[in-house]
Amino acid sequence: MKPELSIVIPVYNEEAGLGNLFARLYPAMDKLGIPYEVVFINDGSRDNSVSILAEQYRLRPDVTRVVLFNGNYGQHMAILAGFEQTRGEIVITLDADLQNPPEEIHKLVAKMREGYDYVGSIRRKRQDSAWRTYASKAMNRLRERITNIHITDQGNMLRAYGRNVIDLVNQCAEVNTFVPALAYKFSRKPTEIVVEHEERAAGESKYSLYSLIRLNFDLMTGFSLVPLQFFSLLGITMSLLSALLVLFLLIRRFILGAEAEGVFTLFAIAFFFMGVILFGIGLVGEYVGRIYQQVRARPRYVVQTVLQGVPAAEAAADEVEKRHVVR
């Protein structure tokens, strides 16, 4: 039976928490009473996650599929690979760390059935560290102004997508992207709901400060030209101000004569201008680097193998073919 609901879960070095995830996820899904599938994507884990996922597949092959990457390609590439494997009309992304309780999935399903094709979630009370919470909120506000994408809690991956949105996302071939924002662009009727948030069940976060900065660069440069336009306007403004400063110093020289005072002020202004210029060059480099990665047209990820059961119809067809060959 074709599943109505697909759960996509990227996994990277989560051996300590997978057992708890299975113990809560499958009962919560069985309780819904609808056909479902769970698609795990192993993103190049270096621990025992692969063996644990394979064992879970052997226990529940009817609803479990496991995609194994040959290396580490990042959370969003893993989610995109999961999207390509899904068959459900409703697709939900979930992190493996249990910070988003699987018991909250029914809320997203109920909201999707109201006619929405994209349901985001807002954490009621975040259990992250203080610096990460404040930094995330600040980046949310900045991102919304730059990209015009209205996602209240961009760091929360518990989200639901309609099949129409998933099909459009699967047509994209972006090397650097942010899945929730990409799906938001394609949705016709998006909404958000409030969900619970728990402390991480086991292990530690795979996102370092550097990874979070890179992720936000992908988000802002992938969905807006505002940063480049801002530096264009800043360059024009600074050129005008520099011209006015030169004119002022020239007039001052003719009136008061040559003087040594103010040299260090000029140095400070020059260093400030150089810093802004270098930052602008770096920003342009971010865009150029993404263009370079895109035009090389290399595979975004490499799937080593997929653990999945053979559907009943295919199995029956194979059996008929075997009998025909024997005869």
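Residues numbered from 1 in each chain as written. Predicted model: local features only at pLDDT ≥ 70, side-chain atom pairs only at ≥ 80, totals over all residues. Heavy atoms only, no water.

(A) Molecular detail of the packing of aromatic side chains. Tallied over the entire structure, the rule returns seven aromatic pairs. Centre to centre, the rings of Phe22 and Tyr26 are 6.3 Å apart; their planes meet at 65 degrees, and the pair counts as edge-to-face. With Phe22 and Tyr26 both in helix H1 (residues 18–32), this residue pair falls four residues apart, about one helical turn. In this pair, the class of Phe22 matches that of Tyr26, namely buried. Taking the centre distance of 5.5 Å and the plane angle of 70 degrees together, the rings of Tyr118 and Tyr161 count as edge-to-face. Placement of Tyr118 in strand E5 (residues 118–123) and of Tyr161 in strand E6 (residues 159–162) is noted, with a sequence separation of 43 residues between them. (Phe/Tyr/Trp six-rings, centres within 6.5 Å; stacked < 30°, edge-to-face > 60°. Helix = DSSP H or I, 4+ residues; strand = E, 2+ residues; numbered from the N terminus. Buried < 20%, exposed > 50% of the residue type's maximum accessible area, 1.4 Å probe, protein only.)

(B) Structural context of the pattern of salt bridges. What the rule picks out here adds up to 15 salt bridges. With a shortest N-O distance of 3.8 Å, Glu84 and Arg300 are connected by a salt bridge. Taken together, the residues Glu84 in helix H3 (residues 75–85) and Arg300 in the loop between helix H10 (263–295) and strand E8 (303–307) connect sequence positions 216 residues apart. Residue Arg300 is classed as buried on the basis of its relative accessible area, which comes to 19%. Taken together, the shared-partner salt bridges connect Arg24, Glu103 and Glu198 into one network. (Salt bridge = Lys/Arg side-chain N within 4 Å of Asp/Glu carboxyl O.)

(C) Just the nonpolar core, in detail. Residues Leu5, Ile9, Leu25, Phe40, Ile92 and Ile105 are the most contacted members of the largest nonpolar core, which totals 34 residues. Going through the elements one at a time, strand E1 (5–11), H1, strand E2 (36–42), helix H2 (49–59), strand E3 (64–69), strand E4 (90–93), helix H4 (105–112) and strand E7 (190–195) are the ones with two or more residues in this core. With seven residues, H1 is the single largest residue contributor to this core. With sequence-adjacent residues up to four places away left out, Leu5 is seen in contact with Met29, Leu32, Ile34, Pro35, Tyr36, Glu37, Gly88, Ile90, Ile92, Ile105 and Val109. In terms of nonpolar packing, the next biggest core, distinct from the first, is built from 28 residues, Val67, Phe69, Met77 and Ile151 among them. (Core = buried A, V, L, I, M, F, W, Y, C linked by side-chain atoms within 4.5 Å. Contact = heavy atoms within 4.5 Å.)

(D) Representation of H2 within the structure. Inspection of H2 places Ser49, Leu53, Ala54, Gln56 and Tyr57 among the buried residues, and these make up the whole buried set. Along H2, the residues classed as buried sweep out an arc of 160 degrees about the axis, all on the same side. Looking at H2, the residues exposed on the side facing more than 90 degrees away from the buried face are Arg58 and Leu59. (Arc of directions from axis to C-beta.)

(E) View of H1. Taking 1.5 Å per residue, 15 residues should reach 21 Å; H1 reaches 21 Å between its end C-alpha atoms and fits that length. Every buried residue of H1 is accounted for by Leu18, Leu21, Phe22, Leu25, Tyr26, Ala28 and Met29. Along the axis of H1, the buried positions cluster into a sector of 165 degrees, meaning they face one direction only. Facing away from the buried surface of H1 by more than 90 degrees, the exposed residues are Ala23 and Lys31. Residues of H1 that are buried in the fold lie against E1, E2, H2, E3 and H4. Directly after H1, the chain includes Gly33, whose backbone phi takes a positive value near 75 degrees. (Expected span 1.5 Å × (residues − 1).)

(F) Focus on the sheet that holds E6. On the basis of which strands lie adjacent, the open sheet formed by eight strands has the order E7-E5-E6-E4-E1-E2-E3-E8 and mixed pairing. Whereas interior strands pair on both sides, the edge strands pair on one side only; in this sheet they are E7 and E8. Shown here is a sheet whose adjacent strand axes are inclined to one another by a mean of 20 degrees, direction ignored. Judged from the four bridges that link them, E3 and E8 form a sheet pairing that is antiparallel. Its bridge partner being in E8, Val66 is matched across the sheet by Leu307. Packing against the sheet, H4 makes contact with E1, E4, E5, E6 and E7, and its axis sits at approximately 155 degrees to E7. (Pairing = 2+ DSSP bridges. Axes fitted to C-alpha atoms, helices over the stretch in contact; angles between N-to-C directions.)

(G) Fine view of the environment of Cys172. The residue Cys172 is located in the loop between helix H6 (163–171) and helix H7 (179–186) in this model. Separated by 92 residues in the primary sequence, Cys172 and Leu80 have C-alpha atoms spaced 9.7 Å apart. Once residues within four sequence positions are removed from consideration, Cys172 is found in contact with Leu182, Phe186 and Arg300.

(H) Local environment of the packing of H1 against H2. Across the interface, H1 lies against H2 with an axial gap of 11 Å and an inter-helix angle of 25 degrees. Considering the angle they form, H1 stands roughly parallel to H2. In the crossing of H1 with H2, the sense of the turn from one axis to the other is right-handed. Here Leu18, Phe22 and Tyr26 of H1 come into contact with H2, specifically with Ser49, Ile52, Leu53 and Gln56. Across the contact of H1 with H2, the residue classes tally to five nonpolar, two polar and no charged. (Parallel < 35°, antiparallel > 145°, perpendicular 65-115°, else oblique. Left-handed = near helix turned anticlockwise from the far one by under 90°. Nonpolar A, V, L, I, M, F, W, Y, C, P; charged D, E, K, R; others polar.)

(I) Summary view of the pairing of E3. With six of six residues buried, E3 lies mostly within the body of the structure. By the alternation rule, side chains of E3 split into Thr64, Val66 and Leu68 and Arg65, Val67 and Phe69, which are all buried. As paired elements, E2 and E3 share five bridges and run parallel to each other. Residue pairing in the sheet places Val38 in a bridge with Thr64 of E3. Tracing the backbone out of E2, into H2 and back to the parallel element E3 gives a crossover that is right-handed. (Right-handed = clockwise from strand over helix to strand, strands pointing away.)

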